[in-house]
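Given next are the chains, with one letter for each unit.
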Amino acid sequence: MTPSPRNLEELIRSRDFVSSLSNHLARLKGMRVGLLTHLGGDQDSIAAAYVLGNLLRDLYGAEVVDGVHVPGEVSDLSARFAEALSIRLAPELPEAEHYVAVDVGSPNQLGSTLSSVVGRVTVVDHHVSDRWPEGFAVFSSPEYKSSSEIVLDLCVLNGMPLKAVESAALFFGIYYDTVRLTVADALVLRKVGLLGGFGADPSVHAEALEVPPDYSERVARLKGLKRSSLFRAENVIIAVTRVGAFRSSVARTLVNAGAGIAVVGDESEGFTDVVFRVSPEVVKTYSINVVKDVIEPLTSKLGGQGGGHAAAARVRVPASFEEVIARCLELLGYALGSHVKPIEDR
C-alpha cells in the first residue's frame, strides 16, 4: 500500500534543489540515456542509479539503457549488493546519447570513462563539489546524506510510488552511506519509515548482504591490526597500517577497535592507494571532512585522484607510501587543530 502522509512533501530536504534537478531530467525525454557510478561503485551509488534509471524511463520518458555501469573494478561487496537486489551491472560503458553519473564527486572519480562521456553527462551527487569544469550539468547538494535520499526526494516530489525492491535498494543505499544510520538525522529516519511503507523489507536481503568475512579477509584484518602504527592528535587516535587487500575492511576494524581515524594503504607500481575511515564521534566533535581536509590538498600537491565522504574516502597518488602517509598525518593535524605525535609503546 502506498503511504500517504498528510504532508508528504515536507519530507523533501531541499525542494529547490530537487525541483531544479527534476526539470533538467525532463529535458532527457526521448533520449537514449546510460547510467554510471563513481569508480568501483558502492551501495549508495548503485542503488540510486538503479532507481533513477527507472524514474528516467517511467516518469521522464527517456530510453534508458539496461544496466548500471561501474567504472573500474567492481568490489566483491558491490557485486554482492547488486546481485542481492537483482540490479544488473553493465560490464562496459553502454552507447548512449547522454549519461547520468550518480554519486560522483569529481571528474577524477569517473577514471578513464570521463573522456567517453565528457560534454554529454549529468552529475547527481551529494558531496561538496567545486572541481567540475564548465560544460557539465552538475546537481550536487551536500545537504543530503546520500544520493539515494536525493532519488527518493525526486519520487516524493513527483508523486511516484516505489516498488518494494526499489524501496529496499534506496534503504540500503541510505543505510550504508550514513554508516548504518549512525550519522543519520531525524529527517532521514522519517524517510526510512516512508520506504517501509512502500514495502522495503531489509530482512529479505540482509542475509545475502551481511556475509561473514572469508579466511583471506580475516587474515588481512589481523595483519592490519598487527602492523598498525598509532598516532595522537589531542584525544584522537590515528591508526596507520599497510595491507595489500581488503583495505576498507581493515579500516573499519581499526575504527571498531578504538581508532578515531584509520588510514590504510599500500604502494604498487609507483602509486599509493589509501583508504580513510573516521568514527562518527570524531566527525561530530571536530567537523572533519577527509575529502576536503586531506584528499583535495593532497592531490593538489602530488597529483592523483580520490573522493568519497566526510568519514569514508579513498585516494590514489603517484608517490611513495611513506611520503603520502607523512602528508596525510600533517593534513589531519591541521584539520584537528593539533600536532600529530606518535604514541610510544610502554
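Reference entry: report on the structure contained in this document. Not measured: the values here are computed from a predicted model.

## Examining the overall build of the protein
Secondary structure assignment for the protein yields 13 helices and 13 strands. Computed over its C-alpha atoms, the radius of gyration of the protein comes to 20 Å, within 12% of the 20 Å expected for a compact globule of 346 residues. C-alpha extents for the protein along the principal axes are approximately 65 × 40 × 40 Å. Looking at the protein as a whole, 51% of its 346 residues qualify as buried.

## Focus on the sheet that holds strand E7 (residues 229–233)
Pairing within the open sheet is mixed, and its seven strands lie in the order E11-E12-E10-E9-E8-E7-E13. Across the chains shown, the open sheet's two edge strands, defined by having one partner strand only, are strand E11 (305–308) and strand E13 (341–342). Pairing analysis gives two bridges linking E7 to E13, with the strands arranged antiparallel. Bridge pairing links Arg 232 to Lys 341 in E13. In this fold helix H12 (residues 290–302) packs onto strand E10 (271–278), E11 and strand E12 (312–317), with an angle of close to 5° to the strand it touches most, E12. Along the sheet, helix H13 (residues 321–336) makes contact with E7, strand E8 (236–242), strand E9 (261–268), E10 and E12, crossing E8 at roughly 165°.

## Here's the deal with helix H9 (residues 215–227)
Counted at 1.5 Å a residue, the expected span for H9 with its 13 residues is 18 Å, and the 18 Å between its end C-alpha atoms agrees. Burial in H9 covers these residues: Glu 217, Ala 220 and Gly 224. Down the axis of H9, the smallest arc covering the buried residues is 55°, so these residues share one side. In H9, those exposed residues whose orientation departs by more than 90 degrees from the buried face are Tyr 215, Leu 222 and Lys 226. The inward-facing, buried residues of H9 abut E8 and helix H10 (247–257). A distance of 3.3 Å separates the backbone nitrogen of Ser 216 from a side-chain oxygen at the start of H9, and that oxygen is part of Asp 214.

## Description of the sheet that holds strand E3 (residues 89–90)
Spatial strand order, E3-E2-E1-E4-E5-E6: six strands in an open sheet with parallel pairing. The open sheet has two edge strands with one neighbour each: E3 and strand E6 (137–140). Here four bridges tie strand E1 (residues 32–36) to strand E2 (residues 63–69), and the two strands are oriented parallel to one another. Bridge assignment links Val 33 to a residue of E2, and that residue is Val 64.

Rules used in this analysis
- Residues numbered from 1 in each chain as written.
- Predicted model: local features only at pLDDT ≥ 70, side-chain atom pairs only at ≥ 80, totals over all residues.
- Heavy atoms only, no water.
- Helix = DSSP H or I, 4+ residues; strand = E, 2+ residues; numbered from the N terminus.
- Rg over C-alpha atoms; globule rule 2.2 N^0.38 Å.
- Buried < 20%, exposed > 50% of the residue type's maximum accessible area, 1.4 Å probe, protein only.
- Pairing = 2+ DSSP bridges.
- Contact = heavy atoms within 4.5 Å.
- Axes fitted to C-alpha atoms, helices over the stretch in contact; angles between N-to-C directions.
- Expected span 1.5 Å × (residues − 1).
- Arc of directions from axis to C-beta.
- Polar contact = N/O pair within 3.5 Å; in protein donor to acceptor, adjacent residues only side chain to side chain.

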